[in-house]
Amino acid sequence: MKIILNSIFSNSTSYGITGINILLALEKLGVDVMSVSISERCDYFEDQPIINSLDKGKFFDKTAPCIRLFHQFALNHHVGNGPFIGWPIFETTRFSPEEKHQLQQLDMIFVCSDWAKRIIEENGITIPTKVVPLGFNPDVFKSIKSTRDSTYRFFFPGKFEIRKSFEIVTEIFERAFTPKDDIEIIFLPTNLFIGEQNKEWADYLLSSKLSSKIKIISRLNTPQEVASLYNQCDCVVSFSKAEGFNLPLLEGLACGKQVIATNYSAHQQYLTNQNSFLVDVDGLENAFDGVFFDGKKGDWALIGENCKSKLTEALKTVYKNGKVINEEGIKTAEKFTWENSAKQIITHLEEFR
């Protein structure tokens, strides 16, 4: 099978990380992948299969199916003239007229979750839509036993933005803990798209009464470094209002970490009450932050007083339980490898033909 993969290939963005891993997984299964990069920037650390695939992409077979892994507002570039599959990763509940039009021109749509498939259908888009969950690399993200001190470490992944609920993160942690508690809260929050506002957000975090417990880490360069960070921590936390997949939570499960998350949007694909602390949200509200979301793209989760209280209790509970390996989370993660993602892509394309 031949596939044209039109994506970003970079470890700096979620689309880029997905593009790299899907390419490698397809190649491993014997697919002839001809990659065409959306961005001139490709930081993939000299991975030979990626280099070979990009070289083949310069001489692509125009009849091969083309998968464009990119935003729903930028699906108007079709490489070749074979079947055109769009794979947008989105967080909110409504599309603009332009986005609906672009989605409706596709031959097939891939989405990362059943939640996303439902959003596609509720927006009146009638193109065949298939769920292809994202994955993790089991050779990199795995539980590693280590001798550590008694400090309980929370990891709060995700870049600085309102969608991740950074405006209330210190409030909730301050409800759960005091400076006397033996905890640390680690953030990996740099947002490449907001410039100097990164410092403003960091200053806000460090103004917390728990500032002595807060550690802000700059960007990490490799998946191995990210996996090492997970294994230094005990619980991965997300107060997110909406997610296209929330890959760090899956990677956290794979590393055997406890997970606390809002019970809404795409990460419901793999989070359950058995493998995580899922906290119900207080309904939905208009998705507006004045930076990335202008209020015209529908709704996201409302993190109201009831939800805040439950998040607080979840933080207290995992801390009280101590450093416990999340065995159920490891079992769940095994079903969501990049290889399984690639197998589903192949199956859907074979059905389409």
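Here goes a summary of the coordinates provided. (Residues numbered from 1 in each chain as written. Predicted model: local features only at pLDDT ≥ 70, side-chain atom pairs only at ≥ 80, totals over all residues. Heavy atoms only, no water.)

### Describing the packing of aromatic side chains
A full pass over the atoms with the stated rule returns 25 aromatic pairs. Plain terms: the ring middles of Phe90 and Trp115 are 6.2 Å apart, the flat faces sit at 35° to each other, and that makes the pair tilted. One end of the pair, Phe90, is in the loop between strand E4 (84-86) and helix H3 (97-104); the other, Trp115, is in helix H4 (residues 114-122), with 25 residues separating them in the sequence. Residue classification places Phe90 among the buried residues on the basis of a relative accessible area of 4%. Of the residues examined, Trp115 reaches a relative accessible area of 4% and is grouped as buried. Aromatic side chains Phe166 and Phe187 sit 6.0 Å apart centroid to centroid with 45° between the ring planes, which places their arrangement in the tilted category. One end of the pair, Phe166, is in the loop between strand E7 (152-156) and helix H5 (169-176); the other, Phe187, is in strand E8 (residues 183-187), and 21 residues separate them in sequence. This pair shows no difference in class: Phe166 is buried, exactly as Phe187 is. Through a chain of ring-to-ring contacts, three or more aromatic side chains come together here, namely Tyr152, Phe154, Phe156, Phe160, Phe166, Phe173, Phe177, Phe187, Trp201, Tyr204, Phe239 and Tyr319. (Phe/Tyr/Trp six-rings, centres within 6.5 Å; stacked < 30°, edge-to-face > 60°. Helix = DSSP H or I, 4+ residues; strand = E, 2+ residues; numbered from the N terminus. Buried < 20%, exposed > 50% of the residue type's maximum accessible area, 1.4 Å probe, protein only.)

### A closer look at the state of the cysteines
Tallied over the entire structure, the rule returns 0 disulfides. No disulfide involves Cys233; its nearest neighbouring cysteine sulfur is the one of Cys235, lying 9.3 Å away. We note that Cys307 lacks a disulfide partner, and the nearest cysteine sulfur, in Cys235, lies 15 Å from it. Looking at Cys307, the relative accessible area reads 0%, which means it is buried. (Disulfide = S-S within 2.5 Å.)

### Let's talk about the packing of helix H1 (residues 14-28) against helix H2 (residues 48-57)
One way to put it is that H1 packs onto H2 with a least axis distance of 10 Å and a crossing angle of 90°. Classified by the angle their axes make, H1 and H2 are roughly perpendicular. Residues Ile20, Leu23, Leu24 and Glu27 of H1 pack against Pro49, Ile50, Ser53 and Lys56 of H2. Residues of the contact of H1 with H2, tallied by class, amount to 5 nonpolar, 1 polar and 2 charged. (Axes fitted to C-alpha atoms, helices over the stretch in contact; angles between N-to-C directions. Parallel < 35°, antiparallel > 145°, perpendicular 65-115°, else oblique. Contact = heavy atoms within 4.5 Å. Nonpolar A, V, L, I, M, F, W, Y, C, P; charged D, E, K, R; others polar.)

### Some details on the side chain of Arg163
Position of Arg163 among the secondary structure elements: in the loop between E7 and H5. Within the structure, the side chain of Arg163 is placed 3.1 Å from the side chain of Glu161, a separation counted as a polar contact. Ignoring sequence-local partners within four residues, the contact set of Arg163 consists of Glu91, Ser240, Lys241, Ala242, Glu243, Phe293 and Trp300. (Polar contact = N/O pair within 3.5 Å; in protein donor to acceptor, adjacent residues only side chain to side chain.)

### Digging into unusual backbone geometry
Located in the positive-phi region is Asn246, a residue other than glycine, with phi close to 70°. Looking at the element boundaries, Asn246 is found in the loop between strand E10 (235-238) and helix H8 (247-254). Backbone geometry places Ser265, a non-glycine residue, at a positive phi of 80°. Since its relative accessible area comes to 1%, Ser265 is described here as buried.

### Examining the sheet that holds E8
What the 6 strands build is an open sheet, ordered E9-E8-E7-E10-E11-E12; its pairing is parallel. In this open sheet, the two edge strands, each paired with only one partner strand, are strand E9 (214-216) and strand E12 (277-279). Between one strand axis and the next, the sheet turns through 20° on average, direction left out of account. Here E7 pairs with E10 via 2 bridges, running parallel. Paired with Phe154 across the strands is Cys235, a residue of E10. Sitting on the sheet, helix H9 (residues 305-321) is in contact with E7, E8, E10, strand E11 (258-262) and E12, with an inclination near 170° to E12. (Pairing = 2+ DSSP bridges.)

### Some points on the nonpolar core
Phe154, Phe173, Phe239 and Leu315 are the most contacted members of the largest nonpolar core, which has 59 residues in total. Among the elements that take part in this core, H9 stands out by supplying 5 residues, more than any other. Leaving out residues up to four positions away in the same chain, Leu315 has contacts with Phe154, Ile172, Phe173, Ala176, Phe177, Val237, Phe239 and Ile260. (Core = buried A, V, L, I, M, F, W, Y, C linked by side-chain atoms within 4.5 Å.)

### Comments concerning the environment of Ala254
Assignment of secondary structure puts Ala254 in helix H8. Separated by 73 residues in sequence, Ala254 and Glu327 place their C-alpha atoms 9.1 Å apart. Apart from residues lying up to four places away in sequence, Ala254 is in contact with Phe136, Phe141, Lys142, Ser143, Ile330 and Ala333.

### Looking at the pairing of strand E1 (residues 2-7)
Most of E1 is tucked away, with 5 of its 6 residues classed as buried. As paired strands, E1 and strand E2 (residues 32-37) are joined by 6 bridges and run parallel to one another. From the neighbouring strand, Ser7 faces E2, where its bridge partner is Ser37. A crossover connection joins E1 to the parallel E2 through H1; in handedness this β-α-β unit is right-handed. (Right-handed = clockwise from strand over helix to strand, strands pointing away.)

### Let's talk about the pattern of salt bridges
According to the stated counting rule, one finds 21 salt bridges in the structure shown. A salt bridge links Lys2 to Asp61; its shortest N-O distance comes to 3.5 Å. Placement of Lys2 in strand E1 and of Asp61 in the loop between H2 and strand E3 (66-68) is noted, with a sequence separation of 59 residues between them. Judged by relative accessible area, which is 40%, Lys2 ranks as partly exposed. Arg163 serves as the salt-bridge partner of Glu243, at 3.4 Å between the closest nitrogen and oxygen. Separated by 80 residues along the polypeptide, Glu243 in the loop between E10 and H8 and Arg163 in the loop between E7 and H5 bring together distant segments of the chain. Among the residues examined, Glu243 registers a relative accessible area of 4% and is labelled buried. Here the residues in one salt-bridge network are Lys159, Glu161, Arg163, Lys164 and Glu243, joined through shared partners. (Salt bridge = Lys/Arg side-chain N within 4 Å of Asp/Glu carboxyl O.)

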